[in-house]
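So you can see what is in the structure, the chains are spelled out below.
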Amino acid sequence: MSRFSKLSILYLLMGLFMSIFNGYSQVSESASARLDRFLKENSHITFTPLVSDATEQILRHNVYCIALETTNIYDDSGKDVDEFIVIDDGTDVQSCQKFRKNTSMDFFLDHLHEDFSLTSATAPLFQDLLDILYPVEGWKLDKREFFFKDGKWYFLRDAYMRSKQGFEIQVDPEGKITDMRYKMKWDVPDRS
């Protein structure tokens, strides 16, 4: 039997298993309606556009802060608010999540204006954009810095021990961003 046939059969069996499993785990329509009503009564969602010079001059798409406010959960009269920063490209919404590992940010390049160049003149504006999309806690603001070395921009967002973390951005000679990644840890580059 060919490799393609074995994979096809494996996928077919996995799909069959998942459909049977999901069939037994579905919530009834009445329970689903009650749960939906509970969520609607105890939560409120707002979408706030985040407009600034940085978002307007660097990004092609709109940025929003989604705030999910929940109340009356666990007999607690207080409220919890979770906020999410997203970029809406008109078709899909991309979350600006917190980084927990080294992350390639190829997806981000599609959000930039085609004529945007990252240079010493625009680097402070780019730092402002990062502060909007990937905010740093107030007690870490002094860890932020940016600099250019060996064809790469570094926008550092946090530090611990002798290591830093943040964005490493490769640019071409005109300043067009060709690669962007978030690195959780690297030794502080010598800027001399």
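Here is what the cut-offs are and how they apply
- Residues numbered from 1 in each chain as written.
- Predicted model: local features only at pLDDT ≥ 70, side-chain atom pairs only at ≥ 80, totals over all residues.
- Heavy atoms only, no water.
- Helix = DSSP H or I, 4+ residues; strand = E, 2+ residues; numbered from the N terminus.
- Buried < 20%, exposed > 50% of the residue type's maximum accessible area, 1.4 Å probe, protein only.
- Contact = heavy atoms within 4.5 Å.
- Pairing = 2+ DSSP bridges.
- Axes fitted to C-alpha atoms, helices over the stretch in contact; angles between N-to-C directions.
- Salt bridge = Lys/Arg side-chain N within 4 Å of Asp/Glu carboxyl O.

## With respect to the overall build of the protein
Thought 1: Of the regular secondary structure elements, the protein holds five helices and nine strands.
Thought 2: Start at the N end of the protein and walk to the C end: the helices and strands fall as α-α-β-α-β-β-β-β-α-α-β-β-β-β.
Thought 3: Counting across all 192 residues of the protein, residues that qualify as buried make up 29%.
Thought 4: Restricting the contact set of the protein to residue pairs at least 6 apart, pairs at least 24 apart contribute 47%.

## Digging into the sheet that holds strand 3 (residues 79–88)
Thought 1: The strand order 1-2-3-4 describes an open sheet built from four strands, whose pairing is antiparallel. With one partner strand each, in any of the chains shown, strand 1 (43–49) and strand 4 (93–95) form the two edges of the open sheet. Averaged over all pairs of adjacent strands, the angle between their axes in this sheet comes to 30°, without regard to strand direction.
Thought 2: Looking at chain direction, strand 2 (residues 62–71) and strand 3 are connected through ten bridges and run antiparallel. What sits directly across from Ile 66, in strand 3, is Phe 84.
Thought 3: Taken strand by strand, helix 2 (residues 29–42) contacts strand 1 and strand 2, and its axis lies near 60° from that of strand 1.

## Observations concerning the pattern of salt bridges
Pairing between side chains of opposite charge can happen when their charged atoms approach one another.
Thought 1: One pass over the full model with this rule turns up seven salt bridges.
Thought 2: Close ionic contact of Glu 41 with Arg 37 constitutes a salt bridge, the shortest N to O distance being 3.9 Å. With a gap of four residues between them, Glu 41 and Arg 37 both fall in helix 2, about one helical turn apart.
Thought 3: For Glu 41, a relative accessible area of 57% puts it in the exposed group.
Thought 4: One salt bridge in this structure joins Glu 168 and Lys 152, with 3.9 Å as the shortest N-O distance. Of this pair, Glu 168 sits in strand 8 (residues 163–171) while Lys 152 sits in strand 7 (residues 152–160); the two residues are 16 residues apart in sequence, bridging distant segments of the chain.
Thought 5: Glu 168 gets classed as buried once you look at its relative accessible area, which sits at 10%.
Thought 6: When salt bridges that share partners are traced, they join Lys 152, Glu 168 and Lys 183 into one network.

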